[in-house]
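Survey of secondary and tertiary structure
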Amino acid sequence: MEGSEDAYVGYMTIRFNPDDKSAQHHNAHHCLEITVNCSPIIDHCIIRSTCTVGSAVCVSGQGACPTIKHCNISDCENVGLYITDHAQGIYEDNEISNNALAGIWVKNHGNPIIRRNHIHHGRDVGVFTFDHGMGYFDSCNIHRNRIAGFEVKAYANPTVVRCEIHHGQTGGIYVHEKGRGQFIENKISANNFAGVWITSNSDPTIRGNAIFNGNQGGVYIFGDGRGLIEGNDIYGNALAGIQIRTNSCPIVRHNKIHDGQHGGIYVHEKGQGVIEENEVYSNTLAGVWVTTGSTPVLRRNRIHSGKQVGVYFYDNGHGVLEDNDIYNHMYSGVQIRTGSNPKIRRNKIWGGQNGGILVYNSGVIKLNMSLLGFQC
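The name given to the chain in an unreviewed UniProt entry is Carbohydrate-binding/sugar hydrolysis domain-containing protein, with Gouania willdenowi as the source organism. Quoted verbatim from the Pathway (unreviewed entry) field of UniProt, the annotation for the chain is "Protein modification; protein ubiquitination."

Following this line, the structure appears as structure tokens:
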């Protein structure tokens, strides 16, 4: 109320247990609500709600800027923490778990600072930013949520740094429907689906992350996805380190993609993209696969020490392969077959145990100044 906008609420248990769990017989939908121009401190509280609509904690409106720290927001039948309508605030060292909907929602220009929160075992997504939601997420531990660890949708643009996003029952990070976001220096591991999914005209920046030991692929870009995939260490995933398909066109550069149980980079179903200055090595299948009408540009990459082919064009795989160093593969450095017709120029292709470039089964080659099997 007036005069208590900066109140302190600490070491309390706050419960909202309406007799009717729906919205039918009560107007309030939140256990704790912080509104316009209020900046209380909420400290070491246990917050619970059995209401099936709204959220346990709602922060909304211009000037809503609380500090919520060391709280436990768990076992609620709705969203745990909901930040919307230009609200801000600092949220540190909270435990947010086992909520029926997202652990955290950020919507409509909400822009919180969220540090060192433990967001886990949710019955939905861990963190969901959408409808122009923003926020700075630093050093959070996000794991074992039923859907993605972190979801970005509909022009949301969060910054996520130094977080651990792991053991999701589906994917790690899911960016879709024109979502954006900067994901920097995170550890993304052991998710059931891809570590990062990008689709439907989304354009995030994925930079300096470790993306590893996923039960499917590392980064999966599909359905007109975009994005900058830069400076990541991508390794040990069950499927391709990076997969690009269905008219997607990312920029992929300065990554290490290695020791995968499948191929390094897989471009198919009219995938595109600029793939440059990466190091791709020690993968079980081909270092790079290009197939089914795809046309990427592969430039100045080091592709080496693979257990099969270096770069494999097949089933009408096209594109440009230029200024790459391709060496020491168990099979040939480059294979071209079944209607594929890439442009190959100014590459060094050497050390392949089955030759430099192998063209067969109606493959075509446009060759310009590549060095095959030796260096001049």
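1. Description of unusual backbone geometry
Even without a glycine there, the phi angle at Asp 93 is positive, about 60°. Located in the positive-phi region is Asn 316, a residue other than glycine, with phi close to 65°. Within the fold, Asn 316 resides in the loop between β39 (311–314) and β40 (320–322).

2. A word on the layout of surface pockets
Approximately 230 Å³ is the volume attributed to the largest pocket. Lining the largest pocket are 13 residues, with Met 1, Ser 4, Glu 5, Glu 33 and Cys 38 positioned closest to its centre. The greatest single-element share of the lining of the largest pocket, amounting to three residues, is contributed by strand β3 (residues 30–34). A class-by-class count of the residues in the lining of the largest pocket yields eight nonpolar, two polar and three charged.

3. Examining the pattern of salt bridges
One pass over the full model with this rule turns up 17 salt bridges. Arg 299 is paired through a salt bridge with Glu 322; the nearest N and O atoms lie 2.8 Å apart. Pair noted here: Arg 299 is in strand β37 (residues 297–299) and Glu 322 is in strand β40, with a separation of 23 residues, a long-range link. Put simply, Arg 345 and Glu 322 hold a salt bridge, and the shortest N to O gap is 2.7 Å. Taken as a pair, Arg 345 in strand β43 (residues 343–345) and Glu 322 in strand β40 lie far apart in primary sequence, 23 residues in all. Residue Glu 322 is classed as buried on the basis of its relative accessible area, which comes to 7%.

4. Some remarks on the state of the cysteines
Under the defined criterion, the tally for this structure stands at zero disulfides. Of the cysteine sulfurs around Cys 58, a residue in no disulfide, the closest is that of Cys 31, at 12 Å. No disulfide involves Cys 71; its sulfur sits 4.8 Å from that of Cys 45, the nearest cysteine. Of the residues examined, Cys 71 reaches a relative accessible area of 2% and is grouped as buried.

5. Quick look at the pairing of β39
Of the two faces of β39, the one lined by Val 311 and Phe 313 and the one lined by Tyr 312 and Tyr 314 are each fully buried. Relative to β39, strand β36 (residues 288–291) runs parallel, the two being bridged by four bridges. From the neighbouring strand, Val 288 faces β39, where its bridge partner is Val 311.

6. Here's the deal with a nonpolar patch on the surface
Together, Tyr 8, Tyr 11 and Ile 41 make up an exposed nonpolar region whose accessible area comes to about 340 Å². Structurally, Tyr 11 is set in the loop between β1 (8–10) and β2 (13–16).

7. Some details on the side chain of Asn 232
For Asn 232, the position within the fold is in the loop between β28 (228–230) and β29 (233–235). A distance of 3.2 Å separates a polar side-chain atom of Asn 232 from the backbone nitrogen of Gly 208. A polar contact of 3.2 Å, which involves the side chain of Asn 232, links it to the backbone oxygen of Glu 230. Not counting chain neighbours up to four residues away, the residues in contact with Asn 232 comprise Ile 206, Arg 207, Gly 208, Asn 209, Ile 211, His 254, Asn 255 and Lys 256.

8. Focus: the environment of Thr 291
Here Thr 291 is to be found in strand β36. Leave out the neighbours within four places in its chain, and Thr 291 touches Tyr 266, Val 267, His 268, Glu 269, Tyr 314, Asp 315 and Gly 317. One polar contact links the side chain of Thr 291 to the main-chain carbonyl oxygen of Tyr 314, over a distance of 2.9 Å.

9. Points about the side chain of Glu 276
With respect to the helices and strands, Glu 276 occurs in strand β34 (residues 274–276). Its relative accessible area of 13% is what places Glu 276 among the buried residues. Only 3.3 Å separates the side chain of Glu 276 from the side chain of Arg 299, close enough to count as a polar contact. In contact with Glu 276, other than residues within four places in its own chain, are Val 252, Arg 253, His 254, Arg 299, Arg 300 and Asn 301.

10. Quick look at empty space enclosed by the protein
Under the counting rule described, the total for this entry stands at one cavity of 30 Å³ or more. In this structure, the largest cavity spans a volume of roughly 30 Å³. If you go around the largest cavity, the residues you meet are Ile 234, Tyr 235, Gly 236, Asn 237, Leu 239, Ala 240, Gly 241, Ile 257, His 258, Gly 260, Gly 263 and Asn 283. Where the lining of the largest cavity is concerned, the elements lending two or more residues are β29 and β32 (256–258). Taken together, the residues that form the lining of the largest cavity break down as five nonpolar, seven polar and no charged.

11. Focus on the nonpolar core
Membership of the largest hydrophobic core comes to 69 residues, with the highest contact counts inside it found for Val 57, Val 59, Phe 150, Ile 242 and Val 334. Residues within four places of Val 57 in sequence aside, it is in contact with Leu 32, Ile 47, Ile 68, Ile 73, Gly 80, Leu 81 and Tyr 82. Residues Leu 285, Ala 286, Trp 289 and Val 309 belong to the second largest nonpolar core, which totals eight residues.

Procedures and definitions
Residues numbered from 1 in each chain as written. Predicted model: local features only at pLDDT ≥ 70, side-chain atom pairs only at ≥ 80, totals over all residues. Heavy atoms only, no water. UniProt positions renumbered as here; feature names shortened; annotations may be inferred. Helix = DSSP H or I, 4+ residues; strand = E, 2+ residues; numbered from the N terminus. 1 Å grid on protein atoms, 1.4 Å probe; cavity = no way out; pocket = protein on both sides within 12 Å on 5 of 7 lines; lining within 4 Å. Points joined across faces, edges and corners; volume = space filled by probe spheres on them. Nonpolar A, V, L, I, M, F, W, Y, C, P; charged D, E, K, R; others polar. Salt bridge = Lys/Arg side-chain N within 4 Å of Asp/Glu carboxyl O. Buried < 20%, exposed > 50% of the residue type's maximum accessible area, 1.4 Å probe, protein only. Disulfide = S-S within 2.5 Å. Pairing = 2+ DSSP bridges. Patch = residues over 30% accessible without salt bridge, like charges linked within 9 Å, V, L, I, M, F, W, Y side chains within 5 Å. Areas by Shrake-Rupley, 256 points an atom, 1.4 Å probe, with all protein chains shown as cover. Polar contact = N/O pair within 3.5 Å; in protein donor to acceptor, adjacent residues only side chain to side chain. Contact = heavy atoms within 4.5 Å. Core = buried A, V, L, I, M, F, W, Y, C linked by side-chain atoms within 4.5 Å.

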